[in-house]
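# Tertiary structure, described
Residues per chain, in single letters:
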Amino acid sequence: MEKQTIKDIDLSGKKVLTRVDFNVPLSSQDPNEDIFVTDDTRILAAIPTINFILNEGASLILCSHLGRPRSANDTQFAMRPVALRLEELLGRPVIRVNEVVGSEVSEAVDKMQAGQIILLENTRFLPGEKENDPDLAHKLALLADVYVNDAFGSAHRAHASTEGVARAMRAKGGPAVAGLLMAKEISALSKAVLNPAHPYVAILGGAKIADKIILIENLLRVADRLLIGGGMANTFLKAQGYEVGDSLVEEEAIPEAIRLLETESEKILLPVDAIVAGEVKADTEVAEVTIGDVPADKMILDIGLVTIQHFNGALQGAKLVVWNGPMGVFEIQRFAAGTNALATILAGLASQGTEVIVGGGDSAAAVAQAGLAERMSHVSTGGGASLQFLEGKSLPGIEALDDK
Ligand code: ADP
Ligand code: MG
């Protein structure tokens, strides 16, 4: 699974097509408004790769998808706001084109000098992107001498600009390698998949079990303990026969929860108390109750203090911790205490040398909201991609790159 990176190949004087993840939040979905980027985290994450390639004396053709356009007519998903933000961040011009491939792109690429940057239009403006159309992949590969994939967040999808183009580049004799962000994600997440260190404690939370059954099973196979909080815990508590009131519960997943509790009971640690409320609202009345005393008309919206102490105890001495899924409805401050406490515990462990890996879109947002992202060993930038990686699956966008 060791893949070549931009550090392994000669980039000088080359034209380098780089797939980045510029799928950023935008200020509006109305094409008639002045649309701007509201969170440039993903653009910032690609800057080291961009600068590395330019400093090697290459010219750079960037491409990404943005949002979920149905066609090129959905101009509210055009790359213009991204290009403007990228120009600001780099302090250098970014040449914009109005298509993904075609004569306008080919002419601009032909004229390109070392150190210049072209940003292609939204790859999802073409239906061939999601269909992984070999013709589109081939046309993309023809633009450049080298293909670089730095879009870890899209690596779980076999699309023309992630998977097809890598194979097309190899077919014409050029390298297809990982960018710096992609390489960092692979090396950090691999620590949890290939020969993980022990004691290994996994923590799961968030909303839905159904999305994460394979992840739960894989973590139970490799980890020594599995701490479960968040909405996911409710289904397990109900499976144990507890009253969970109006809490979020997945009835369909109860048989699976019962099975896991029977076969893996010594590994699984569940909440023993909770913050409950009648409504998911900032100004609602809350109470802290023992599991078993959850009123029938209330919802479990965060883990309680004793649970945090239990989780803290189980985490001490861990060499490796993987965390996916918030412990409560962290978007509302009142129900963020459990998630914030866990983030603080993990930051402390990381500073003592524990490898702490955080994956999942909302989990990354929660850690950032707590101001502790920098303190973790690794916070993955890929939501679905990081979960698939942790499930032990191979990701097509990574698989397609050249082996070391
Ligand atoms: P990630 O994106 O990190 O994989 P998920 O998408 O699975 O995480 O879950 C995040 C969501 O789970 C958040 O929106 C959060 O509000 C919700 N959540 C966490 N705990 C609860 C709970 N007890 N009840 C309802 N929703 C919850
Ligand atoms: Mg999520």
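Anything mentioned here points back to the structure above.
Here's what I pulled together on the structure shown here. (Residues numbered from 1 in each chain as written. Chains lettered and ligands numbered in written order. Predicted model: local features only at pLDDT ≥ 70, side-chain atom pairs only at ≥ 80, totals over all residues. Heavy atoms only, no water.)

## Things to note about the sheet that holds strand β3 (residues 95–96)
What counts, and what does not: Note on pairing: DSSP must find at least two bridges between two strands before they are called paired. Helix and strand labels come from DSSP, where a helix needs a run of H or I of at least four residues and a strand needs a run of E of at least two; each type is numbered from the N terminus. Any two residues whose heavy atoms approach within 4.5 Å at even a single point are treated as in contact. To get an axis, a line is fitted to the C-alpha atoms, and for a helix only the part in contact is used. The angle between two axes follows their N-to-C directions and goes from 0 to 180 degrees.
One open sheet accounts for six strands, arranged β3-β4-β2-β1-β5-β6; its pairing is parallel. Both edges of this open sheet fall to β3 and β6 (176–178), since each of them pairs with a single strand only. Direction of pairing for β3 relative to strand β4 (residues 117–119): parallel, over a ladder of two bridges. By the bridge assignment for β4, R96 is matched with L119. Each of β1 (15–19), β2 (59–63), β4 and β5 (146–149) is contacted by helix α1 (residues 41–55), which is oriented at about 155 degrees to β2, the strand it contacts most.

## Observations regarding unusual backbone geometry
A cis amide bond links H198 to the next residue, P199, at an omega of 0 degrees. Tracing the chain through its elements places P199 in the loop between α7 (180–190) and β7 (200–204). The phi torsion at N132 lies on the positive side, around 55 degrees, for a residue other than glycine. As for its placement among the helices and strands, N132 is situated in the loop between α4 (127–131) and α5 (134–142). You will see that N195, though not glycine, has its phi angle at about 40 degrees, which is positive.

## Describing the site of ligand 1
Filter applied, for reference: When we say a residue is near a molecule or strand, we mean one of its heavy atoms is within 4 Å of it. In protein, a polar contact requires one atom able to donate a hydrogen and another able to accept it; more generally it is a pair of N or O atoms within 3.5 Å, and residues adjacent in sequence count only if both atoms are side-chain atoms. A pocket, in this scheme, is an open set of points on a 1 Å grid over the protein atoms alone with protein on both sides within 12 Å along at least 5 of 7 lines, while a cavity is a set where a 1.4 Å probe fits but cannot get out; residues line either one if an atom lies within 4 Å of a point. A pocket or cavity is taken to hold a molecule when more than half of that molecule's atoms are within 2 Å of the pocket's grid points. Any residue that is not Ala, Val, Leu, Ile, Met, Phe, Trp, Tyr, Cys, Pro, Asp, Glu, Lys or Arg is counted as polar, Gly included; the first ten are nonpolar and the last four charged.
K212, N324, E331, D362 and S363 are the nearest of the 18 residues found near ligand 1. Measuring from an oxygen atom of ligand 1, one finds a side-chain N or O atom of E331 at 2.5 Å. When atoms are counted within 2 Å of each cavity's grid points, the one that captures over half of ligand 1 is the second largest pocket. If you list the elements that add at least two residues to the shell around ligand 1, you get α9 (230–239), β12 (299–303) and α13 (361–369). Among the elements that make up the shell around ligand 1, the one with the highest residue count is α13 (three residues). Looking at the shell around ligand 1, its residues break down into six nonpolar, nine polar and three charged.

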